[in-house]
Amino acid sequence: MLAHWAKGLMWGLVALPVFADVYPSTGTAWVLPGGWADPLATSYFDTADEVKEWEATHADIVFGSMKDVDTNLEMIAMGYMYTQKLDCRPGRRSAWLSKHTAEEGIDMEDGFLHFSEDTVLSVNTPSSGLDYLLEGKPYHLLLIRNDQFSTARLPLTLQPEDEIVVFSSYPFDALDVQATATPLVKRNLSDDEGNIAGWKKLKVDWELNIGADKKGISQSISGKLVLTKSWLSAWPYYRQRKLNSGKAGLDEGLKTWMVKLSWAQETTLNSLAIKPWLLLDNQQMTIPGWDATNDANGDGYVNDREFSKRANTRASARFRHQARLIPTVNMWPGTCWHRVNFANEKFNDLHANWYREDWQQQGLSGAYNDDMAKLLGANQFEVTSGGGIIEIPHKAGTEAAESAYAIKLAAFLQQIKKKTQTQWLAANISELNLWHYSAWPPELQNVVDVWLREHYLTPAMGLERLQQSWDSFALSKAGDKSLIMASMKGGMSELKPSEPDAWHRDIETGLALYYLFNLPGYTYYHSWNQTYVYGSGNTSLKNWYRAGIPKNWAYQPSAMLEVDIGHPEVAPKGYKTVFWDNKNAKVKSTAYLITDIPIRPADWFWLYRAGWFGAIPKEGVIARSYSDGLVLYRGVRERNDKSFLMAKPLRVSLPGEYQRVSYDGSLSEPLSYIEIGGYEGVVLKKVNN
């Protein structure tokens, strides 16, 4: 593994390279390992523990965690972080923040961004994660029967002595109930320490609802809670007993708002929901805006009288939390997120403490921030109307809002670095070129030490994309490190998923492409399948030609990596240099500057090119020389031309004698020329006479 003393080593303001010691010619990495399983189709390993041990000794850094403190400490383990979001349904981090903000006298709501006006957002593909809010699902339902506590699972027949406690992660003022009778409702009272001080009977205005569902006519009642005084949250205890709910948030101390329901006679309770305030209709979601001037008495709730006389009629939120920003574009399946506010220093300080404590507990060297380009821009918020934000003087979905938010995020990440003393703060930006992304401020670029280039390389990426990918050489010149992922997406394995040679060819091509970018001490290699679902479990027939094989073991060409091809060298004399394409400004790959951007030279050169029109040919073979090897890639200008995968092999002469390195690490007979297929990459070992 990497020498432990190398963690965070700096010289002046520029990070020193950190050289790998697993394989001779490059560093390697894992992305989000975990879920180890006993292999089903190989005798190389017997147990999941053996697979995990193999992973711990076959990569230099980890984007994620090995789920073991001692193992993490032996590697450079950068845990997962997503600082710009908190889940709509609170998890461990939200619960920790809820508990500690309460202890420090900080309003947890200050940690969120809020719309200042009623806002309508486009929702192209609603995520099921939104159901938590759209359907008003309680955070937890507790059944109390004979002084015993258990999770309430509806439908449920209740006796007069039974009680149902509704735990909510936010205050509310209405319930939807399907039951055979109307309940008595009480809300929690809280003392100065945040404990339940008792229960107060609530007046509830009930209304009968009759509708139709799949089973026919349905009947329910909606109850509007008459809230006359401020309703404070309480710790998730009942009668001084901690709940064993199985909910991570409650176990971590999430403060909740509670109501207790009981019935005077035997009752069947079919469903129970908090009346939602969000409206999703015809792929449009309406989020109410918050204006504190509408809350005349300042108790945090706009009651009916205040609502009818509110000063700002364009803001209709009853509670401040109802106005939280929720991204609705490019959502992950099953997710629902609130955007975090980085403008409150007290909250920021506490939030940074969470990362320090979490990293120490896990033995992490730092963490990588996922989806770093998903902030407040149009890729997250497509605003139909409204969009004003209380904490930022710009509208959501605009570049101005995104840039302003990015500067605040950068300051917060710097605060994390100061508290943790890490020099392993990473960000996932995939294919994004930071110098071409106008919304990305220098402050955010400067705070990151390591860049995760997810699915950066694919077999059929083509010459145009390849010749536009100079940014990794600029990042390394700035002293930053990069994980460059080679994916099999769009490769031969998609055309012939049952053929081992097709998968092996994609992996060989991925490594050859990576070696075009390899800068020892600054870049790390990871090989993956066509999906964005990571882990250490076994393959299936959807992601490998054989099921039951540990994925990282199958995808990492360990035997190829063990073949020492040396370090990158300048191109041999007599060969034409490959040009970078920077917005139609052509710069040689041997250059040290692209416009005013310092870069490290790549020294790519052409072994073959045809259909020459400017810097990017119609077809060509790009090469890079190593002190003990050579790497090649054949492509056409366009990416993802399926027919080119089946192109007739092209014979090209080599600048010396080499042996081809296969997936299993074997070497061919010495070659002075090679036949290379369409969208194919080759790794060659130099024959030393």
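A quick note: this is a predicted structure, and the numbers were derived from the prediction, not measured.

Conventions we followed
- Residues numbered from 1 in each chain as written.
- Predicted model: local features only at pLDDT ≥ 70, side-chain atom pairs only at ≥ 80, totals over all residues.
- Heavy atoms only, no water.
- Pairing = 2+ DSSP bridges.
- Helix = DSSP H or I, 4+ residues; strand = E, 2+ residues; numbered from the N terminus.
- Axes fitted to C-alpha atoms, helices over the stretch in contact; angles between N-to-C directions.
- Contact = heavy atoms within 4.5 Å.
- Buried < 20%, exposed > 50% of the residue type's maximum accessible area, 1.4 Å probe, protein only.
- Core = buried A, V, L, I, M, F, W, Y, C linked by side-chain atoms within 4.5 Å.
- Disulfide = S-S within 2.5 Å.
- Salt bridge = Lys/Arg side-chain N within 4 Å of Asp/Glu carboxyl O.
- Phe/Tyr/Trp six-rings, centres within 6.5 Å; stacked < 30°, edge-to-face > 60°.
- 1 Å grid on protein atoms, 1.4 Å probe; cavity = no way out; pocket = protein on both sides within 12 Å on 5 of 7 lines; lining within 4 Å.
- Points joined across faces, edges and corners; volume = space filled by probe spheres on them.
- Nonpolar A, V, L, I, M, F, W, Y, C, P; charged D, E, K, R; others polar.
- Patch = residues over 30% accessible without salt bridge, like charges linked within 9 Å, V, L, I, M, F, W, Y side chains within 5 Å.
- Areas by Shrake-Rupley, 256 points an atom, 1.4 Å probe, with all protein chains shown as cover.
- Lys, Arg positive; Asp, Glu negative; His and termini not counted.
- Charge placed at Lys NZ, Arg CZ, Asp CG, Glu CD.

Participant: What is the right way to look at the sheet that holds strand β4 (residues 61-63) in this model?
Facilitator: An order of β3-β4-β5-β24-β26-β27-β28-β29 is seen for the 8 strands of this closed barrel, with the pairing classed as parallel. Across the sheet, the axes of successive neighbouring strands diverge by a mean angle of 25 degrees, strand direction being ignored. Relative to strand β27 (residues 450-457), strand β26 (residues 425-428) runs parallel, the two being bridged by 3 bridges. Looking at β27, one finds that Ala426 is bridged to Val450. Its contacts with the sheet place helix α13 (residues 500-517) against β3 (27-31), β27, β28 (481-487) and β29 (523-528), and it is angled at close to 165 degrees to β29.

Participant: Would you take a moment to explain the sheet that holds strand β8 (residues 140-145) for this structure?
Facilitator: Two strands in a sheet stick together by hydrogen bonds in their backbones, pointing the same way (parallel) or opposite ways (antiparallel). An order of β9-β8-β11-β19-β13-β14 is seen for the 6 strands of this open sheet, with the pairing classed as antiparallel. Both edges of this open sheet fall to β9 (148-151) and β14 (196-201), since each of them pairs with a single strand only. When the angles between neighbouring strand axes are averaged without regard to direction, this sheet yields 30 degrees. Pairing of β8 with strand β11 (residues 163-168) involves 5 bridges; the strand directions are antiparallel. Counterpart to Leu141 in the pairing with β11 is Val166.

Participant: Explain the environment of Leu272 to me, please; I cannot follow it from the model alone.
Facilitator: Its location among the elements puts Leu272 in strand β20 (residues 267-274). Relative accessible area serves as the criterion here: at 7%, Leu272 is assigned to the buried category. For the pair formed by Leu272 and Lys618, sequence separation is 346 residues and the distance between their alpha carbons is 63 Å. The residues contacting Leu272, other than those within four sequence positions of it, are Pro138, Leu141, Leu154, Ile164, Val166, Leu175, Asp176, Val177 and Leu261.

Participant: How should the nonpolar core be read in this particular structure?
Facilitator: Of all hydrophobic cores here, the largest spans 117 residues; its most connected members are Ile164, Trp440 and Leu444. Discounting chain neighbours no more than four positions away, the residues touching Leu444 are Met372, Leu375, Ala406, Leu409, Ala410, Leu413 and Trp451.

Participant: Would you mind going over the state of the cysteines with me for this structure?
Facilitator: Put plainly, a disulfide is one covalent bond tying together the sulfur atoms of two cysteines. Counted under the stated rule, the structure contains 1 disulfide. Between the sulfur of Cys88 and that of Cys336 lies a disulfide, 2.2 Å long from S to S. Around the S-S axis, the bridge from Cys88 to Cys336 shows a dihedral of about -70 degrees and counts as left-handed. Separated by 248 residues along the polypeptide, Cys88 in the loop between β6 (85-87) and α3 (92-104) and Cys336 in the loop between α6 (304-308) and β23 (337-339) bring together distant segments of the chain.

Participant: Is there a simple way to explain the pattern of salt bridges in this structure?
Facilitator: A side chain with one charge can pair with a side chain of the opposite charge if their charged atoms come near. Applying the stated rule across the entire model yields 26 salt bridges. For Glu117, the salt bridge goes to Lys395, with nearest N and O atoms at 2.7 Å. Linking Glu117 in the loop between α3 and β7 (119-122) with Lys395 in the loop between β25 (383-385) and α8 (399-420), this pair joins segments that are 278 residues apart in sequence. Classification of Glu117 as buried rests on a relative accessible area of 12%. Ionic pairing is found between Arg453 and Asp471, a salt bridge with its closest N-O pair at 2.8 Å. Separated by 18 residues along the polypeptide, Arg453 in strand β27 and Asp471 in helix α11 (residues 471-477) bring together distant segments of the chain. On the basis of relative accessible area, Asp471 is assigned to the buried category, the value being 2%. What you see here is one network of salt bridges that share partners, running through Arg505, Glu508, Arg660 and Glu680.

Participant: I keep staring at the packing of aromatic side chains and nothing clicks. Help me out?
Facilitator: To describe a pair of aromatic rings, you give the distance between the ring centres and the angle between the ring planes. As enumerated under the stated definition, the model contains 38 aromatic pairs in all. With a centroid separation of 5.8 Å and 75 degrees between ring planes, the pair formed by Tyr456 and Phe517 is classed as edge-to-face. Taken together, the residues Tyr456 in strand β27 and Phe517 in helix α13 connect sequence positions 61 residues apart. Both residues of the pair, Tyr456 and Phe517, belong to the buried class.

Participant: Explanation requested: the layout of surface pockets in the structure shown.
Facilitator: One water molecule sets the probe size; rolling that probe over the atoms shows where empty space is left. Volume-wise, the largest pocket comes out at about 900 Å³. Around the largest pocket, the lining is made up of 40 residues, and of these Asp107, Met108, Glu109, Ser233 and Trp257 lie nearest the centre. Secondary structure elements with two or more residues in the lining of the largest pocket: β6 and α3. The greatest single-element share of the lining of the largest pocket, amounting to 5 residues, is contributed by α3. Looking at the lining of the largest pocket residue by residue, the class counts come to 16 nonpolar, 12 polar and 12 charged. The wall of the second largest pocket is formed by 30 residues, among which Asp371, Asn428, Glu454, Tyr532 and Tyr534 lie closest to the centre. Looking at which element gives the most residues to the lining of the second largest pocket, the answer is β27, with 3 residues.

Participant: Help me understand the side chain of Ser469 in this model?
Facilitator: Residue placement: Ser469 occurs in the loop between α10 (462-467) and α11. Here Ser469 falls in the buried class, since its relative accessible area comes to 1%. Here Ser469 is in contact with Tyr456, Met461, Phe517 and Trp580, once residues within four sequence places are set aside.

Participant: It is not clear to me how the environment of Ala378 should be interpreted in this structure. Could you clarify?
Facilitator: Tracing the sequence through the fold places Ala378 in the loop between β24 (366-369) and β25. Between the C-alpha atoms of Ala378 and Glu345, which are 33 residues apart in sequence, the distance is 27 Å. Excluding anything up to four places from it in sequence, Ala378 contacts Val329 and Gly397.

Participant: Is there a simple way to explain a negative patch on the surface in this structure?
Facilitator: Judged by side-chain charge, Asp38, Asp46, Asp49, Glu50 and Glu53 come together as a negatively charged surface patch. Counting through the fold element by element, Asp46 comes out in the loop between β3 and α1 (48-56).

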